Amino acid sequence: MPRPHILITKRVFPETIALLEPHAELDYVANDDGLTTDELVESARGKQVILSQITDRLSREVLAKLTDVKLIAQIAVGYDNIDVPAATEAGILVSNTPGVLTDTTADLAFALLLAAARRIAEGHQYIHAGKWTRWTIDLMMGHDIHHRTLGVWGMGRIGQAVARRGLGFSMRVLYHNRTRLAPEIERELNAEYVTQDRLLAESDFISVHVPLSEKTRHLIGERELRMMKKDAILVNTARGPIVDEPMLARALREKWIAAAGIDVFEHEPTVHPDLLACENAVLAPHVGSASVATRTRMTVMAAENAIAMIAGKRPPNLVNP
Ligand code: DGY
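Residue positions are given per chain, counting from 1 as you read along its sequence in written order. Only residues with pLDDT of at least 70 get local features here, since the model is predicted, and only at 80 or more are side-chain atom pairs given and counted; chain-wide, interface and lining totals rely on the full set of residues. To get the side-chain values, take all heavy atoms of the structure and skip hydrogens and water.

Draft legend 1. Up close: the domain arrangement of the protein chain. Segment limits for the domains were obtained from an automatic or database-derived domain assignment. Along its sequence, the protein chain is carved into domain 1 (5-100 + 292-310) and domain 2 (102-283). Its C-alpha centre places domain 1 at a distance of 31 Å from the equivalent point of domain 2. Here, residues are in contact when the closest pair of their heavy atoms is within 4.5 Å. Taken residue by residue, the interface counts seven residues in domain 1 and five residues in domain 2. With both chains or domains summed, domain 1 and domain 2 bury close to 540 Å², and 44% of this area falls on carbon and sulfur atoms. When two parts are brought into contact, each loses some accessible area as probed by a 1.4 Å sphere; the total of that loss over both is the buried area. Sorting the residues of domain 1 by area buried against domain 2 places D80, G99 and T294 first, and these three jointly supply 60% of that buried surface. What makes a salt bridge here is a side-chain nitrogen of Lys or Arg within 4 Å of a carboxyl oxygen of Asp or Glu, nothing more. Run the count over domain 1 and domain 2 and you get one salt bridge. Its salt-bridge partner being D80, residue R239 comes within 2.8 Å of it at the nearest N-O pair. In the analysis that follows, any N or O atom pair within 3.5 Å is treated as a polar contact, provided that within protein one partner can donate a hydrogen and the other can accept it, and provided that, for residues neighboring in sequence, both atoms belong to side chains. In this structure, the connection of domain 1 to domain 2 is made through three residue pairs in polar contact (both at pLDDT 80 or more). Here the nonpolar group is Ala, Val, Leu, Ile, Met, Phe, Trp, Tyr, Cys and Pro; Asp, Glu, Lys and Arg are the charged ones; every other residue, Gly included, is treated as polar. Here the side of domain 1 that touches domain 2 is built from residues that sort into three nonpolar, three polar and one charged.

Below, the structure is given as structure tokens:
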């Protein structure tokens, strides 16, 4: 029987390759640039599976050309780079890596929240710039985290993990979600379900955890930023286009809100220059899931989805079953 073929669109870990090699012929693009759309279409010829990353643009137009592909095994929980309805129409399965990165991403959201509130990045730069010459009573004063109100927008796995961390800081937790959580989960998280507007108006910290879709694009824009408290802090570890980036920069500059902790951007890896100019924005280069253990687990999980597919089994993490 001919061996199946897998296209790996960008560099992964040696362990991932070792896991896949016994099962298939690999076309491994072992660099960080990946493939252009045309190259991807060309390389996908004769491949049953593509191991994709968030930087691969798998639009309707591209998917229609992937006539041999049966599964796109995405190495991420988010899959807004893939037109899933178009994949379904084309008979292509799509899998992702849910669960394994929940706590790691929640840790990063909390790290950004803490850093923005207590001005860690500003302090770091201040010392490195040789500006710290004396201790003063109001040097680098920030905002308390403990006993304040955490608003979680999007209460899926990662949102819930962030809420759990809030409890450790004795925070009051508000949340907004498409659907309300079961009463026992609300009790466990001590979380109160509120409308979007109450979340915006009452939270000291707002952490965003909704998936990117046409409905959530620019979910946080001028109206929402103006509704937030003057000393509020916004954290986004979900997807960049959920927040209107130039408007956020304006809100930070004109002090509609106190600060922001941002891991994801509208046009990655380009960050809006206005945002770069904001001292009260703590920025990270889309590293929510980037711990050694978690990134390794994500690639293993994607490889396991691929292996299941070529073995004629149902991949365990399908998003369009
Ligand atoms: C995800 O998994 O969606 C992250 O954003 C990338 O690791």
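Moving on from the coordinates now.
Draft legend 2. Structural detail: the layout of surface pockets. Of the two site types, the cavity is a set of points on a 1 Å grid over the protein atoms alone where a 1.4 Å probe fits but cannot get out, and the pocket is an open set with protein on both sides within 12 Å along at least five of seven lines, each lined by residues with an atom within 4 Å of a point. Grid points are joined across faces, edges and corners, and a volume is the space filled by probe spheres set on the points. Space inside the second largest pocket adds up to approximately 540 Å³. Lining the second largest pocket are 25 residues, with E122, C278, E279, N280 and A281 sitting closest to its centre. Helix and strand definitions follow DSSP, with helices as H or I runs of at least four residues and strands as E runs of at least two, each counted in order from the N terminus. Broken down by secondary-structure element, the contributors of at least two residues to the lining of the second largest pocket are α5 (102-118), α6 (120-128), α12 (273-276) and β12 (281-283). Take the lining of the second largest pocket: its biggest share by element is four residues, from α6. For the lining of the second largest pocket, the per-class residue count stands at 16 nonpolar, four polar and five charged.

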